[in-house]
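These are the residues of each chain, in order.
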Amino acid sequence: MNLSFDLNRLTAHIGQLFMIGIPGPEIDPGTEEMIKKWGIGGVILFKRNIENPAQVASLCNSLQQMSIRYHDMPLFLAVDQEGGRVARLKRPFTEFDGQTAIGNSDDPAKEALEFARTTAYEMGMVGLNMDMTPVLDVPRGTPEEHLRGRTFSEDPEQVAFLGKIIIQELQRNGVMAVGKHFPGLGGAEHDPHKNLPRICLSKKEMDTVDIPPFKTAITAKVAGIMGSHALYPSLDPKRPATLSYNIMTNLLRNELQFQGLVITDDLEMGAISKGCGVVKGAVDAFQAGADILLICEKQRHVISSMERLKTMLLTGEITIRRFRESLDRIVHTKARFLKNRHK
């Protein structure tokens, strides 16, 4: 694993900032170009990419070998495997009932541990190394539809406790955990997949209810934290969290001292694409403090975003120092979790 900074390889360095979706269950020419020419940093798999365990293992191995061959750098290979409604790996993979079921069970700690241990083992067997879980949002009463079944509890201490168990057990078994959706979607009344939610909670309430599970995740050394596509007027009246320097850098990085990866939610979701658009969203998210820019479907959006970032780096609109900060975190995280898997 070697990625010493070299301006002559700027395109491949920029590619490390992106985690992308791919069209189908095999590597297609467009995806090969994304790896070979652009040096993308990761791939996230969805239902369209998954047929059975042997096929997933073959796909992950092919992706990794291609990235290592061209750039001597392994990929983040991610999946949303929360259990319940949001679980891309179906039978014969073990199916769990989701975080609400864990929180409501007779022994939530035992259930959380079993979920994380089994999930990490099965993901590792097929070559997946990052799980976009746990959900650390604290709902207020019945959650908005897109979060139903996905949250542990209305008690922030219980959310923090169970989230910590899942983070530590996943990562103890070689799978990076990603806590989401910072600084908390529990108060959302709209689905950010469709439109931008406005969460009108006081900073005091957020500090008391929404932020504590993320503080615990940071203490547990969670590999990544995913920002939310929602507007929080008490924290930043103009920009959604994903695009807010005040939230993603001043609050998460500086105040909470998070040193891991800041990951965006899918930038093609309506909350961003219907506003500033995917490409500007990617640029603004990076400037706000994101390390990994997630674009899950259209690879042309990825290419346009990379080209825009490259232009801004070459013209000085984005500093090399800021770019190096994210690149260093990415390399450090890959060395921490992947060095013994891909040499």
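I will try to describe carefully the structure that is included in this document. Since the model is a prediction, treat every value here as computed from it, not as a measurement.

Structural notes on the overall build of the chain
Link 1 in the chain: The number of helices and strands found in the chain is 13 helices and ten strands.
Link 2 in the chain: Relative to its length of 343 residues, the chain is compact, with a C-alpha radius of gyration of 19 Å against a globular reference of 20 Å.
Link 3 in the chain: The dimensions of the chain, computed from C-alpha atoms along their principal axes, are 55 × 45 × 30 Å.
Link 4 in the chain: With 343 residues in all, the chain has 59% of them scored as buried.
Link 5 in the chain: Counting contacts in the chain only where the partners sit at least 6 residues apart, residues at least 24 apart contribute 76% of the total.
Link 6 in the chain: Of the roughly 14000 Å² of accessible surface on the chain, a fraction of 48% belongs to carbon and sulfur atoms.
Link 7 in the chain: Positive and negative side-chain charges of the chain, numbering 42 and 41 respectively, have mean locations separated by a distance of 5 Å.

Description of the packing of helix H2 (residues 29-36) against helix H12 (residues 299-315)
Axes are the key here: two packed helices are described by the angle between their axes and the distance separating the axes.
Link 1 in the chain: Running from N to C, H2 and H12 point in directions that differ by 20°, and their axes come no closer than 11 Å. The pairing of H2 with H12 is recorded here as roughly parallel in orientation. The element H2 and its partner H12 pack so that their crossing is left-handed. Counted together, Gly30, Thr31 and Met34 of H2 and Gln299, Val302, Ile303 and Met306 of H12 form the full contact between these two elements.
Link 2 in the chain: Each residue belonging to the contact of H2 with H12 can be placed in one class, and the counts come to four nonpolar, three polar and no charged.

A few points about the side chain of lysine 180
Link 1 in the chain: Inspection of the secondary structure puts lysine 180 in strand S7 (residues 176-182).
Link 2 in the chain: Within the structure, the side chain of lysine 180 is placed 2.7 Å from the backbone oxygen of methionine 132, a separation counted as a polar contact.
Link 3 in the chain: Setting aside its immediate chain neighbours within four residues, lysine 180 contacts Asp80, Glu82, Met132, Pro134, Val135, Leu136, Asp137, Arg150, Phe214 and Met226.

Observations concerning helix H5 (residues 108-126)
One turn of an α-helix holds 3.6 residues; hence residues three or four places apart share an orientation.
Link 1 in the chain: With 19 residues, H5 should reach 27 Å at 1.5 Å per residue; the first-to-last C-alpha distance of 27 Å fits that figure.
Link 2 in the chain: Among the residues making up H5, those that are buried are Pro108, Ala112, Phe115, Ala116, Thr118, Thr119, Ala120, Glu122, Met123 and Val126.
Link 3 in the chain: Buried residues belonging to H5 abut helix H3 (53-71), strand S3 (76-79), strand S4 (81-83), helix H4 (99-104), strand S6 (130-131) and helix H6 (156-172).
Link 4 in the chain: Remark: glycine 127 follows H5 within two positions and exhibits a positive phi of approximately 95°.

Regarding the pairing of strand S8 (residues 224-227)
Link 1 in the chain: Residues Gly224 and Met226 of S8 are buried on one face, and the alternating residues Ile225 and Gly227, pointing to the opposite face, are buried as well.
Link 2 in the chain: Direction of pairing for S7 relative to S8: parallel, over a ladder of four bridges. Within the sheet, the bridge partner assigned to phenylalanine 182 lies in S8 and is glycine 227.
Link 3 in the chain: Direction of pairing for S8 relative to strand S9 (residues 261-263): parallel, over a ladder of three bridges. Within S9, the position partnered with glycine 224 by the bridge is leucine 261.
Link 4 in the chain: Remark: the S8/helix H9 (residues 245-255)/S9 crossover connection has right-handed handedness.

As for the state of the cysteines
Link 1 in the chain: Overall, the coordinates contain zero disulfides when judged by the stated rule.
Link 2 in the chain: Lacking any disulfide linkage, cysteine 296 is separated from the closest cysteine sulfur, that of cysteine 60, by 15 Å.

Here's the deal with H9
Link 1 in the chain: Those residues of H9 that fall on the buried side of the exposure criterion are Ile247, Met248, Thr249, Leu251, Leu252 and Arg253.
Link 2 in the chain: Against the buried residues of H9 lie S7, helix H8 (212-219), S8, S9, helix H11 (278-288) and helix H13 (320-338).
Link 3 in the chain: Phi for glutamine 257, located one or two positions after H9, is positive at around 60°.

Parameters and conventions
- Residues numbered from 1 in each chain as written.
- Predicted model: local features only at pLDDT ≥ 70, side-chain atom pairs only at ≥ 80, totals over all residues.
- Heavy atoms only, no water.
- Helix = DSSP H or I, 4+ residues; strand = E, 2+ residues; numbered from the N terminus.
- Rg over C-alpha atoms; globule rule 2.2 N^0.38 Å.
- Buried < 20%, exposed > 50% of the residue type's maximum accessible area, 1.4 Å probe, protein only.
- Contact = heavy atoms within 4.5 Å.
- Areas by Shrake-Rupley, 256 points an atom, 1.4 Å probe, with all protein chains shown as cover.
- Lys, Arg positive; Asp, Glu negative; His and termini not counted.
- Charge placed at Lys NZ, Arg CZ, Asp CG, Glu CD.
- Axes fitted to C-alpha atoms, helices over the stretch in contact; angles between N-to-C directions.
- Parallel < 35°, antiparallel > 145°, perpendicular 65-115°, else oblique.
- Left-handed = near helix turned anticlockwise from the far one by under 90°.
- Nonpolar A, V, L, I, M, F, W, Y, C, P; charged D, E, K, R; others polar.
- Polar contact = N/O pair within 3.5 Å; in protein donor to acceptor, adjacent residues only side chain to side chain.
- Expected span 1.5 Å × (residues − 1).
- Pairing = 2+ DSSP bridges.
- Right-handed = clockwise from strand over helix to strand, strands pointing away.
- Disulfide = S-S within 2.5 Å.

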